[in-house]
Amino acid sequence: MTIETRSPEETFETGFRMGERARAGQVYTLAGDLGVGKTVFTQGFAKGLGVEEHVNSPTFTIVQEYEDGRMPFYHFDVYRIGDIEEMDEIGFEEYIAGEGVCLIEWANLIEEILPEERTEILIEKDLEQGFDFRRITVTERK
Ligand code: ADP
Ligand code: MG
């Protein structure tokens, strides 16, 4: 599935609709260059899950937990990860196996430990279509 957006608000809305449909135990991965809109998408997604707390990139903690939505929401940003071992240390396996929803920004950096069953989201720019244009591609992996 491919969605095209032309503003941050439209990307937020795309995330919101996916968050509304998310089910317990699902894993979502987000890939795309710096500044492409992964966090904007995530903020909409969290809102769709019913999270009212403000969501920002958890740059210094790898994972941020939100408990005030329909189900627990675990937001990972693994951009600054040095070694894959760090994921063990934070208990990545437990998060993945748990009843919450996991969303991982920069998931391509930890490809080897991602669960096979996941929803992949790729956000890309296309400058020929304008500065605020984004193409969002969603792929279900089983
Ligand atoms: P990332 O998390 O991928 O590094 P952010 O979500 O933090 O990126 O930032 C995306 C930036 O791009 C924001 O400043 C946002 O306002 C801007 N932007 C412009 N057009 C769009 C769009 N269509 N979708 C999402 N963000 C957009
Ligand atoms: Mg981000």
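Remember, it's a predicted structure, so these values are computed and weren't measured experimentally.

Cut-offs applied
Residues numbered from 1 in each chain as written. Chains lettered and ligands numbered in written order. Predicted model: local features only at pLDDT ≥ 70, side-chain atom pairs only at ≥ 80, totals over all residues. Heavy atoms only, no water. Axes fitted to C-alpha atoms, helices over the stretch in contact; angles between N-to-C directions. Helix = DSSP H or I, 4+ residues; strand = E, 2+ residues; numbered from the N terminus. Parallel < 35°, antiparallel > 145°, perpendicular 65-115°, else oblique. Left-handed = near helix turned anticlockwise from the far one by under 90°. Contact = heavy atoms within 4.5 Å. Nonpolar A, V, L, I, M, F, W, Y, C, P; charged D, E, K, R; others polar. Core = buried A, V, L, I, M, F, W, Y, C linked by side-chain atoms within 4.5 Å. Buried < 20%, exposed > 50% of the residue type's maximum accessible area, 1.4 Å probe, protein only. Lys, Arg positive; Asp, Glu negative; His and termini not counted. Salt bridge = Lys/Arg side-chain N within 4 Å of Asp/Glu carboxyl O. Polar contact = N/O pair within 3.5 Å; in protein donor to acceptor, adjacent residues only side chain to side chain. 1 Å grid on protein atoms, 1.4 Å probe; cavity = no way out; pocket = protein on both sides within 12 Å on 5 of 7 lines; lining within 4 Å. Points joined across faces, edges and corners; volume = space filled by probe spheres on them. Pairing = 2+ DSSP bridges. Near = heavy atom within 4 Å. Areas by Shrake-Rupley, 256 points an atom, 1.4 Å probe, with all protein chains shown as cover. Sits in = over half its atoms within 2 Å of the grid points.

Caption draft 1: Representation of the packing of helix H1 (residues 8-21) against helix H2 (residues 38-48). Following both chains from N to C, one finds H1 and H2 inclined at 40°, their axes separated by 6 Å at the closest point. The angle between H1 and H2 places the two elements in the oblique class. The way H1 lies across H2 gives a crossing that is right-handed. In this structure, H1 uses Pro-8, Thr-11, Phe-12, Thr-14, Gly-15, Phe-16, Met-18, Gly-19 and Glu-20 to contact H2, whose residues at the interface are Val-40, Phe-41, Gln-43, Gly-44, Phe-45, Lys-47 and Gly-48. A class-by-class count of the residues in the contact of H1 with H2 yields 7 nonpolar, 7 polar and 2 charged.

Caption draft 2: Expanded view of the nonpolar core. The biggest cluster of nonpolar side chains holds 21 residues, and the ones touching the most others in it are Tyr-28, Phe-41, Phe-45, Leu-49, Phe-73, Val-101 and Ile-121. Secondary-structure elements contributing two or more residues to this core are strand S2 (27-31), H2, strand S5 (101-105), strand S6 (118-125) and strand S7 (134-141). Top contributing element to this core by residue count: H2, with 3 residues. Look past the residues within four positions of Phe-73 in its chain and what remains in contact with it is Thr-42, Phe-45, Ala-46, Leu-49, Val-51, Gln-64, Glu-65, Tyr-66, Val-101 and Leu-103.

Caption draft 3: Region of interest: the side chain of Asp-77. Inspection of the secondary structure puts Asp-77 in strand S4 (residues 73-77). Of the side chains with opposite charge, Arg-80 comes closest to the buried, unpaired Asp-77, at an N-O distance of 6.9 Å. Within the structure, Asp-77 has its side chain in polar contact with the backbone nitrogen of Tyr-79 (distance 3.0 Å).

Caption draft 4: Quick look at the layout of surface pockets. Approximately 270 Å³ is the volume attributed to the largest pocket. What lines the largest pocket is a set of 19 residues, and nearest its centre among them are Gly-35, Val-36, Gly-37, Lys-38 and Thr-39. Contributing elements (two or more residues each) for the lining of the largest pocket: H1 and H2. Here the residues of the lining of the largest pocket sort into 6 nonpolar, 7 polar and 6 charged. Its boundaries defined by the atoms lining it, the second largest pocket holds a volume of some 190 Å³. In terms of lining residues, the second largest pocket is bounded by Arg-23, Gly-25, Gln-26, Val-27, Glu-117, Arg-118, Thr-119, Glu-140, Arg-141 and Lys-142. Here the lining of the second largest pocket is composed, by residue class, of 1 nonpolar, 3 polar and 6 charged.

Caption draft 5: Focus on the sheet that holds S5. Pairing in this open sheet of 7 strands is mixed, and the strands run S1-S7-S6-S2-S5-S4-S3 from one edge to the other. One side of each edge strand has no neighbouring strand; the edge strands of this open sheet are strand S1 (2-5) and strand S3 (63-66). Neighbour-to-neighbour, the strand axes of this sheet turn through a mean angle of 20°, independent of strand direction. Together, S2, S4, S5 and S6 form the strand contacts of H2, whose direction differs from that of S5 by roughly 170°.

Caption draft 6: Up close: the site of ligand 1. Surrounding ligand 1, one finds 16 residues, the nearest of these being Thr-11, Gly-35, Lys-38, Thr-39 and Asp-132. In the environment of ligand 1, a nitrogen atom lies 2.6 Å from a nitrogen or oxygen atom belonging to the side chain of Thr-11. In this structure, Thr-39 approaches ligand 1 through a main-chain N or O atom, which is 2.9 Å from an oxygen atom. Calculation on ligand 1 without its partners gives an accessible area of 580 Å², and the protein chains cover 75% of this total. Put simply, ligand 1 lies in the largest pocket. Breaking the shell around ligand 1 down by element, the ones donating at least two residues are H1 and H2. When the residues that make up the shell around ligand 1 are grouped by side-chain class, the tally is 4 nonpolar, 6 polar and 6 charged.

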